[in-house]
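# Descriptive structure summary
Each chain, written out:
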Amino acid sequence: MLNAIRWAVFALAAFAMNFPLIVTLVTSFKSAREISTNPGLWINAPTLENYATVLTVSDRLNIFLYLANSFAVAAMGTLLAVALALPAAYAIVRGRFGEKTLLPLIVNLRAVPLVIFAIPIYMMFQFMGLLDTRFGLGLVMTIVNIPLVLIILVNAISDVPFELDEAAMIDGVSRTGILFKIVGPVCRPAIVTSMIFGFITAWNEFLFGLMLTTSKAVPVTVGASFFFAASGGGVQWGVAAAVMMVGALPPMLLGLVMYRKISGTMMAGAVKG
């Protein structure tokens, strides 16, 4: 009986937390007429018309281009962030370089509203010709990701016994070799976790995508808003819901597939002695 109550509470909590997602999913399978007459969660006549509209390429709207832009930007922003943060984390942990000044400064950047950086970044990108480019937006996502990736990797490397480094140095392995041949493989779960979080963060970014792109490099978070307006005015709620689901699908699938690795890494950090 007690177990049944626990499952009931868990199901209720899960439903409450995912209620917006459920409503969006249900709405995406309703026609415009049914949305106006049946706002509930039950679907009387399911339709794929909204998804057909979203997946149809036109001169003005191209969901596949937006998805490709988001993937390229998120991949670049994630890989560059990890490539820069891994040696930095190793230097901070093993060399105590910037441990009390640089690390807190970088990590605390996560607490600063990103809009503060919008104007100077826009002016710099305009001067350098990086506006409306995947490369430019990828650089911004690298900067956004570095604080989170760095703190994850610093914690992971801190758990690696220094004796491994000493044994490798006795064998004549360089610091670079130790990082990439010993410490890196040991910290692989943390690296994967940081890449997942970085990819999801970059994929979901809206502010810089809105400010720094216009047509060629528009990410899906910004491109999705182009589908909202109906030709006759108002909002096509069914189409809006469908494009939201299409845009949210990649990070949702990534989170579900990699859930065990993420939770395992987080729990390892939580029980750190």
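In this convention, every chain numbers its residues from 1, walking through the sequence in written order. Where local features are concerned, this predicted model is filtered to residues with pLDDT of at least 70; where side-chain atom pairs are given and counted, the filter is 80 or more; whole-chain, interface and lining totals use all residues. For side-chain calculations, the full set of non-hydrogen atoms in the structure is used, while hydrogens and water are omitted.

### Describing the overall build of the protein
Selection rule: Helical segments are the DSSP runs of H or I of at least four residues, strand segments are the runs of E of at least two, and each set is numbered from the N terminus. Working definition: with a 1.4 Å probe on protein chains only, accessible area under 20% of the residue-type maximum means buried, over 50% means exposed, and in between means partly exposed. Whether two residues are in contact is decided by their heavy atoms, any of which lying within 4.5 Å being enough. We get accessible surface area from the Shrake-Rupley algorithm with a probe of 1.4 Å; when it comes to residues, only the shown protein chains can shield them. The positive count covers Lys and Arg only, the negative count covers Asp and Glu only, and His and the chain ends enter neither. Charged groups are reduced to one reference atom each: NZ for lysine, CZ for arginine, CG for aspartic acid, CD for glutamic acid.
Summing up its helical and strand segments, the protein has 15 helices and 0 strands in all. Structurally, the protein occupies a C-alpha span of about 75 × 65 × 30 Å along its principal axes. Put simply, the protein has 273 residues, and 37% of those count as buried. Pairs at least 24 residues apart make up 72% of the contacts formed inside the protein by residues separated by at least 6 positions. Of the accessible surface of the protein, which amounts to about 15,700 Å², a share of 71% is contributed by carbon and sulfur atoms. For the protein, the separation between the mean place of its 16 positive charges and that of its 11 negative charges on side chains is 3 Å.

### Regarding the packing of aromatic side chains
Formally: Any Phe, Tyr or Trp ring, taking Trp's six-membered ring, that has another such ring centre within 6.5 Å forms a pair; planes under 30 degrees apart are called stacked, those over 60 apart edge-to-face, and the others tilted.
Under the defined criterion, the tally for this structure stands at 7 aromatic pairs. Here Phe 15 and Phe 19 contribute two aromatic rings whose centre-to-centre distance is 5.6 Å and whose plane-to-plane angle is 65°, an arrangement assigned as edge-to-face. What makes Phe 15 partly exposed here is its relative accessible area of 37%. With relative accessibility at 36%, the residue Phe 19 sits in the partly exposed group. Measuring from centroid to centroid gives 5.2 Å for Phe 29 and Tyr 51, while their planes differ by 40°, and the two rings are tilted. With Phe 29 in the loop between helix H2 (19-28) and helix H3 (32-37) and Tyr 51 in helix H4 (residues 49-55), this residue pair connects regions lying 22 residues apart in the sequence.

### Remarks on the confidence of the model for the protein
Note the following rule: Note on scores: pLDDT gives the predictor's confidence for each residue, bounded by 0 and 100.
Predicted confidence across the protein gives a mean pLDDT of 87, with 93% of residues reaching 70 or more. Note that pLDDT drops below 50 for residues 269-273; the model gives that stretch 3 contacts with residues more than four away or on any other chain.

### Things to note about the nonpolar core
Rules: Nonpolar core, defined: a set of buried Ala, Val, Leu, Ile, Met, Phe, Trp, Tyr and Cys residues in which side-chain atoms within 4.5 Å join the residues together.
Membership of the largest hydrophobic core comes to 31 residues, with the highest contact counts inside it found for Val 54, Ile 63, Val 140, Phe 208 and Phe 227. Of all elements in the fold, only H4, helix H5 (63-95), helix H7 (118-128), helix H8 (134-158), helix H11 (188-204), helix H12 (207-212), helix H13 (220-223) and helix H14 (237-257) reach the threshold of two or more residues within this core. Apart from residues no more than four positions distant in its own chain, Phe 208 is found in contact with Leu 114, Phe 117, Ala 118, Ile 121, Leu 137, Val 140, Met 141, Val 144 and Thr 213. Residues Ala 81, Ala 89, Tyr 90 and Cys 187 belong to the second largest nonpolar core, which totals 26 residues.

### Considering the side chain of Glu 205
Residue position: Glu 205 is located in the loop between H11 and H12. Under the relative-accessibility criterion, Glu 205 is labelled buried at 11%.

### Quick look at empty space enclosed by the protein
What counts here: Detection works on a 1 Å grid of protein atoms alone, calling trapped sets that fit a 1.4 Å probe cavities and calling open sets with protein on both sides within 12 Å along at least five of seven lines pockets, with lining residues defined by an atom within 4 Å of a point. Grid points are joined across faces, edges and corners, and a volume is the space filled by probe spheres set on the points.
Tallied over the full model, the rule gives 1 cavity of 30 Å³ or more. For the largest cavity, the calculated volume is near 50 Å³. Lining the largest cavity are Ser 70, Val 73, Leu 137, Met 141, Ala 202, Trp 203, Glu 205, Gly 209 and Pro 219.

### Quick notes on the UniProt feature "transmembrane region" (unreviewed entry) in the protein
Applied cut-off: UniProt positions are given in the numbering used here, feature names are shortened, and annotations may be inferred rather than shown by experiment.
As annotated by UniProt and renumbered to match this structure, "transmembrane region" (unreviewed entry) occupies residues 6-26, 63-93, 105-125, 137-158, 178-200 and 235-259. In residues 63-93, the share of helix is 100% and the share of strand is 0%. The end C-alpha atoms are 43 Å apart. For residues 178-200, helix accounts for 96% and strand for 0%, while the C-alpha atoms at its two ends are 30 Å apart.

### Quick word on the environment of Phe 206
With respect to the secondary-structure elements, Phe 206 resides in the loop between H11 and H12. Ignoring any residue separated from it by four or fewer positions in sequence, one finds Phe 206 in contact with Thr 221 and Val 222.

### Some remarks on the packing of helix H10 (residues 175-186) against H11
Which entries qualify depends on this criterion: Interaxial angle, 0 to 180 degrees, is taken between N-to-C directions of lines fitted to C-alpha atoms, where a helix line uses only the stretch in contact. Any angle from 65 to 115 degrees is called roughly perpendicular, while one under 35 is roughly parallel, one over 145 is roughly antiparallel, and all others are oblique. Nonpolar residues are Ala, Val, Leu, Ile, Met, Phe, Trp, Tyr, Cys and Pro. Charged residues are Asp, Glu, Lys and Arg, and all others, Gly as well, are polar.
Close contact between H10 and H11 brings their axes to 4 Å; oriented N to C, the two are set at 70°. The angle between the axes of H10 and H11 places the two elements in the roughly perpendicular class. Along its contact with H10, which presents Gly 184, Pro 185 and Val 186, the element H11 presents Arg 188, Pro 189 and Ile 191. Looking at the contact of H10 with H11 residue by residue, the classes come out as 4 nonpolar, 1 polar and 1 charged.

### Side note on the side chain of Ser 28
Counted only if it meets this: Under this definition, polar contacts are N or O atom pairs within 3.5 Å; protein pairs additionally need one hydrogen-donor-capable and one acceptor-capable atom, and for neighbouring residues in sequence, both atoms have to be side-chain atoms.
Mapped onto the secondary structure, Ser 28 falls in helix H2. By relative accessible area, Ser 28 is classed as buried at 0%. A polar contact is formed between the side chain of Ser 28 and the backbone oxygen of Leu 25, at a distance of 2.5 Å. At 2.7 Å, the side chain of Ser 28 forms a polar contact with the side chain of Tyr 51. Excluding residues that lie within four positions of it along the chain, Ser 28 makes contacts with Thr 47, Asn 50, Tyr 51, Gly 238, Ala 241, Ala 242 and Met 245.

### What to know about H2
Along H2, the residues classified as buried are Thr 24, Val 26, Thr 27 and Ser 28. The secondary structure elements touched by the buried residues of H2 are H3, H4 and H14.

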